[in-house]
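Read off the chains here:
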Amino acid sequence: GLLRFQQGSLQAAADALKLHLAHVAEAGTAAGDAPLPLLHAVAADDTRGLKPAAFLPFYADHFRTVELNNTFYRRPKLEVLQRWARITPNNFVFAAKLNRWITHYQKLKRCETTLADEWVVRDGLGEKLAVVLAQLPPGLGADPGLLRYFLDLVASGPGRWIPRLAVEFRHPER
């Protein structure tokens, strides 16, 4: 599974990660949420002065997965995704958040075209795209019919580019 730390105590996160790293299948953090002090606490390497372009290769030397948050806000350029896939080890995988236009604005409805346009994520990352996370908005309540409709789009429609789908329900009624 993917071990993910929310913002909070860096030292506690680092200690937990060091303690359990050997016992989890995949360990990583959300991109942009892995501050250098956390990496420094986990890895003995000196992270001071690490340039942004060197961050992903350094990170990939210590972890096997990362959650991409930028895919939630905008569609990355194909060349950028291809570069990320190229500069990470063969056993490194990505978890990409589904674009918020689909989850928060369209609320999974009439999203066929938008969902199809996200193929670039799979094209760029290739086999290194392990899972896509659909983080639903807190105001979207339970709707089995809507979920069934969306899962059908993923299974055989414009979302068939998604290798695995994880859905995060955030409504209080869950």
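Please read these numbers as outputs of a predicted model, since none were measured by experiment.

## Digging into helix 9 (residues 144-156)
For helix 9, spanning 13 residues, the distance from its first C-alpha to its last is 18 Å, which sits close to the expected 18 Å at 1.5 Å a residue. For helix 9, the secondary structure elements touched by its buried residues are helix 6 (100-105), helix 7 (112-117) and strand 6 (165-168).

## Some words on the confidence of the model for the protein
Mean pLDDT over the protein stands at 78; residues scoring 70 or higher make up 71%. Helix 6 holds the highest mean pLDDT among the elements of the protein, 95, whereas strand 1 (residues 2-3) holds the lowest, 42. Contacts of residues 17-29 to residues separated by more than four positions or lying in other chains number 32 contacts, the stretch itself having pLDDT below 50. Ignoring residues within four places in sequence, the model shows residues 33-37, a span with pLDDT below 50, making 11 contacts including any to other chains.

## Considerations on the sheet that holds strand 5 (residues 129-135)
In spatial order, the strands read 3-4-5-6; together these four strands make up an open sheet with parallel pairing. Since the sheet does not close on itself, it has two edges, and those belong to strand 3 (65-68) and strand 6, each with one partner. With direction set aside, neighbouring strand axes in the sheet form an average angle of 20°. Here strand 3 runs beside strand 4 (residues 93-97); their pairing, made up of four bridges, is parallel. Residue pairing for strand 4: Leu 68 is matched across the bridge by Ala 96.

## Describing the packing of aromatic side chains
One pass over the structure, following the stated rule, counts five aromatic pairs. Summarising the aromatic geometry, the rings of Phe 72 and Tyr 73 are spaced 5.0 Å apart at their centres and angled 90° between planes, so their arrangement reads as edge-to-face. Taking the relative accessible area as the measure of exposure, Phe 72 reaches 7% and is therefore buried. Judged by centre distance (5.2 Å) and plane angle (75°), the rings of Phe 92 and Phe 94 are edge-to-face. With a relative accessible area of 1%, Phe 94 lands in the buried category. Taken together through their ring pairs, the aromatic side chains of Tyr 59, Phe 63, Phe 92 and Phe 94 make up a single cluster. For the cation-ring pair, Lys 97 lies above Phe 72, with the distance from its terminal atom to the ring centre recorded as 5.3 Å.

Each value, and the rule that gives it
- Residues numbered from 1 in each chain as written.
- Predicted model: local features only at pLDDT ≥ 70, side-chain atom pairs only at ≥ 80, totals over all residues.
- Heavy atoms only, no water.
- Helix = DSSP H or I, 4+ residues; strand = E, 2+ residues; numbered from the N terminus.
- Expected span 1.5 Å × (residues − 1).
- Contact = heavy atoms within 4.5 Å.
- pLDDT = per-residue confidence, 0-100.
- Pairing = 2+ DSSP bridges.
- Axes fitted to C-alpha atoms, helices over the stretch in contact; angles between N-to-C directions.
- Phe/Tyr/Trp six-rings, centres within 6.5 Å; stacked < 30°, edge-to-face > 60°.
- Buried < 20%, exposed > 50% of the residue type's maximum accessible area, 1.4 Å probe, protein only.
- Lys NZ or Arg CZ within 6 Å of the ring centre and 35° of its normal.

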